[in-house]
Amino acid sequence: MSWKPRGVSLLELTVAMAIIFIIGAISFPSFNNYLKYQDLKNSTKNFIGQLKQAQQATVTQQIKFALELDLQTNNYRQLKLVQPTELVADYRLGANIFFASTTGLALGQVIFNPTGAAQQSGEIYLESSANGQQTKITVHPSGYVSWQNN
């Protein structure tokens, strides 16, 4: 009489579950750090997108637009620089992301002139309070915007 196994034993199932649990426990910290980095990266890309939108509006409408940073509340706004100044849109950085500092920007504003160039060049530092990583956003005199992780 031959015996044929009909399924998985409880021991095999327990070993398989233990292996899955161990792999998950090992990879969770790396995945968690990755998610924290992604928050900073997404906030940086959104902010740069809003800078480029203000620059494009300046070029197409031939009216100065600016992005004004509020370092206390981590909000920033797009302004149309006409008399009186018009608020175009109000934005907020992502959760756990804040403006660490700025250099070279008067009144915390990035202003574009009708040719698309920046009125003043400068740097904006975004930081993640979750892991302390920073991103440096550089606004060049030509209006070109670049970023790098610190």
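Refer to the structure printed above.
As a starting point, this report considers the structure included with it.

Parameters at a glance
- In every chain, residue numbers begin from 1 and rise along the written sequence.
- Only residues with pLDDT of at least 70 are given local features in this predicted model, and only at 80 or more are side-chain atom pairs given and counted; all residues enter the totals for whole chains, interfaces and linings.
- Excluded from the side-chain calculation are hydrogens and water; included are all heavy atoms of the structure.
- In what follows, salt bridge is the name for a side-chain nitrogen of Lys or Arg lying within 4 Å of a carboxyl oxygen of Asp or Glu.
- Whether a residue is buried, partly exposed or exposed follows from its accessible area with a 1.4 Å probe, protein chains only, as a fraction of its type maximum: under 20%, in between, or over 50%, in that order.
- Secondary structure follows DSSP: runs of H or I at least 4 residues long count as helices, runs of E at least 2 residues long count as strands, and numbering of each begins at the N terminus.
- Expected helix span is taken as 1.5 Å per residue step, with the number of steps being one fewer than the number of residues.
- Note on bend: at a given residue it equals the angle between the axes fitted to the 7 residues ending there and to the 7 starting there.
- The rule for pairing is simple: two strands pair if DSSP sees at least two bridges between them.
- Here the axes come from fitting lines to C-alpha atoms, over the contacting stretch only for helices, and the angles between their N-to-C directions go from 0 to 180 degrees.
- Residues count as neighbours in contact if any of their non-hydrogen atoms are within 4.5 Å of one another.

**Side note on the pattern of salt bridges**
And then number 1: Summed over all chains, the structure comprises three salt bridges.
And then number 2: Among the salt bridges present, the one from Arg77 reaches Glu68, with a minimum N-O distance of 3.3 Å.
And then number 3: Accessibility expressed as a relative area gives 21% for Glu68, which makes it partly exposed.
And then number 4: A salt bridge links Glu123 to Lys136; its shortest N-O distance comes to 3.6 Å. Taken together, the residues Glu123 in strand 6 (residues 122-128) and Lys136 in strand 7 (residues 134-139) connect sequence positions 13 residues apart.
And then number 5: We classify Glu123 as partly exposed; its relative accessible area is 22%.
And then number 6: Linked by salt bridges that have partners in common, Glu68, Asp70 and Arg77 make up one network.

**Let's talk about helix 1 (residues 10-61)**
And then number 1: Across its 52 residues, helix 1 extends 71 Å between first and last C-alpha, which sits within 8% of the 76 Å expected from 1.5 Å per residue.
And then number 2: In the structure, helix 1 departs most strongly from a straight axis at Phe28, where the bend amounts to approximately 40° and where the proline Pro29 lies between one and four residues downstream.
And then number 3: Burial in helix 1 covers these residues: Gln38, Leu40, Ser43, Thr44, Phe47, Ile48, Gln50, Leu51, Ala54, Gln55, Ala57 and Thr58.
And then number 4: Positioned one or two residues after helix 1, Gln62 has a phi angle of 55°, which is positive.

**As for unusual backbone geometry**
And then number 1: The step from Gln83 to Pro84 runs through a cis peptide bond, and the omega angle for that step is -10°.
And then number 2: Locating Pro84 in the fold gives a position in the loop between strand 2 (75-80) and strand 3 (86-92).
And then number 3: One non-glycine residue with positive phi stands out, namely Asn96, at about 65°.
And then number 4: Structurally, the position occupied by Asn96 is in the loop between strand 3 and strand 4 (97-103).
And then number 5: The backbone of Leu107 shows a phi angle near 60°, a positive value even though the residue is not glycine.
And then number 6: Inspection of the secondary structure puts Leu107 in the loop between strand 4 and strand 5 (109-112).
And then number 7: Given a relative accessible area of 76%, Leu107 falls into the exposed group.

**As for the pairing of strand 5**
And then number 1: Taking every second residue as pointing to the same face, both faces of strand 5 are buried, with Gln109 and Ile111 on one and Val110 and Phe112 on the other.
And then number 2: By the bridge criterion, four bridges tie strand 1 (residues 65-70) to strand 5 in an arrangement that is antiparallel. Its bridge partner being in strand 5, Ala66 is matched across the sheet by Ile111.

**Observations concerning the sheet that holds strand 1**
And then number 1: Overall, antiparallel pairing links the four strands, which are arranged 3-2-1-5 in an open sheet. Two strands close off the open sheet at either side, each with one partner strand: strand 3 and strand 5. Taking each pair of neighbouring strands and ignoring which way they run, the sheet shows an average axis angle of 15°.
And then number 2: Strand direction decides the pairing type here: strand 2 and strand 3, joined by six bridges, are antiparallel. Considered in strand 3, the bridge of Tyr76 is made with Tyr91.
And then number 3: Contacts between helix 1 and the sheet are confined to strand 1, strand 2, strand 3 and strand 5, with strand 1 contributing the most and set at about 150° to the helix.

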